[in-house]
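In case you want the letters, here they are:
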Amino acid sequence: MTPYRTVYEGGSDEIVEKKSRFIAQVFPVETEEQVTQIIEKTKKKYWDARHNCYAFVLGSSGEISRCSDDGEPSGTAGRPILEVLTGQELRNVLVIVTRYFGGTLLGTGGLVRAYSQATQAGLAASRIIEKQTGVKVMVDTDYNGIGKLQYVAATLQIPVLDTIYTDKVQMVLLVPSGLLDKVTKEITEATSGQAVIRPEESEVYFAEIDKETIIF
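Residues numbered from 1 in each chain as written. Predicted model: local features only at pLDDT ≥ 70, side-chain atom pairs only at ≥ 80, totals over all residues. Heavy atoms only, no water.

Caption draft 1: Representation of the environment of Ser 12 in the model. For Ser 12, the location among the structural elements is in strand E2 (residues 12-17). Judged by relative accessible area, Ser 12 falls into the partly exposed class, the value being 47%. For the pair formed by Ser 12 and Arg 99, sequence separation is 87 residues and the distance between their alpha carbons is 14 Å. If sequence neighbours within four positions are ignored, Ser 12 has contacts with Ala 24, Gln 25, Gly 122 and Ala 125. (Helix = DSSP H or I, 4+ residues; strand = E, 2+ residues; numbered from the N terminus. Buried < 20%, exposed > 50% of the residue type's maximum accessible area, 1.4 Å probe, protein only. Contact = heavy atoms within 4.5 Å.)

Caption draft 2: Spatial organisation of the sheet that holds strand E5 (residues 64-68). Spatial ordering of the open sheet is given by E2-E3-E7-E4-E5, a layout of five strands whose pairing is antiparallel. The outermost strands of the open sheet, each flanked by one partner alone, are E2 and E5. Each adjacent strand pair in this sheet contributes to an overall mean axis angle of 15°, direction not counted. Where strand E4 (residues 51-58) lies against E5, five bridges are found, and the strand directions are antiparallel. Bridge pairing links Tyr 54 to Ser 68 in E5. Sheet strands touched by helix H1 (residues 32-45): strand E3 (20-28), E4, E5 and strand E7 (93-100). Its angle to E7, the strand with the most contacts, is close to 20°. Most of the contacts of helix H2 (residues 78-87) go to E4, to which it runs at about 35°, and overall it touches E4, E5 and E7. (Pairing = 2+ DSSP bridges. Axes fitted to C-alpha atoms, helices over the stretch in contact; angles between N-to-C directions.)

Caption draft 3: Expanded view of unusual backbone geometry. Even without being a glycine, Lys 19 presents a positive backbone phi close to 70°. Exposure remark for Lys 19: the relative accessible area of 69% places this residue in the exposed category. Of note in this structure, Gln 157 is not a glycine but carries a positive phi near 55°. Relative to the elements of secondary structure, Gln 157 occurs in the loop between helix H4 (146-155) and strand E9 (160-165).

Caption draft 4: Up close: the packing of H4 against helix H5 (residues 180-190). Axis separation between H4 and H5 bottoms out at 10 Å; the angle between their running directions is 150°. By the angle class used here, H4 and H5 are roughly antiparallel. The two elements H4 and H5 meet at a crossing, and its hand is right-handed. Contacts between H4 and H5 involve Lys 148, Leu 149 and Val 152 on the former and, on the latter, Glu 186, Ile 187 and Ala 190. Tallied by class, residues from the contact of H4 with H5 come to four nonpolar, no polar and two charged. (Parallel < 35°, antiparallel > 145°, perpendicular 65-115°, else oblique. Left-handed = near helix turned anticlockwise from the far one by under 90°. Nonpolar A, V, L, I, M, F, W, Y, C, P; charged D, E, K, R; others polar.)

Rendered as structure tokens:
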């Protein structure tokens, strides 16, 4: 699994250039089927617009990307939208820019600037996050070890997902993938080898949103 930047909450904004309106909408997407549905819905909503241009990037490494000028001169709309997305290293995102023609031709350079600026405005109105990779780790200890575990987690800024108190204490940590060995070593040393550390086999994506750890 690869960490990546993506849109958590899509937004929208618009710019006006020589009386032409450029309305940018941003959507988080996971599949090409989702992309197709959103584009069709948008074209129905803005049925009276001259153009509904778009670009999208799918996959944690940007394996799939497409763009459309939707009737604008070749390379003046879809490509500039896509270049903004790739320039910001965004993944699993779709941007549609709807244009209502204002009666004045903008020229190739003007169109490129307008679609780029509209895309940037739409992204600025969206919520962008960094999806990190991590592993859930269950740590069993006695009550004497709980303070030591809390100290290690706080020092290394490891999110604590849960703490279960029975005849012993089990703490569930979410450890960033690159820190697993270090965290294991620190806990082992802090508890003099008394803690039982059990990482899950599969990785998960997570992000810090409003000071809360969200797992995807």
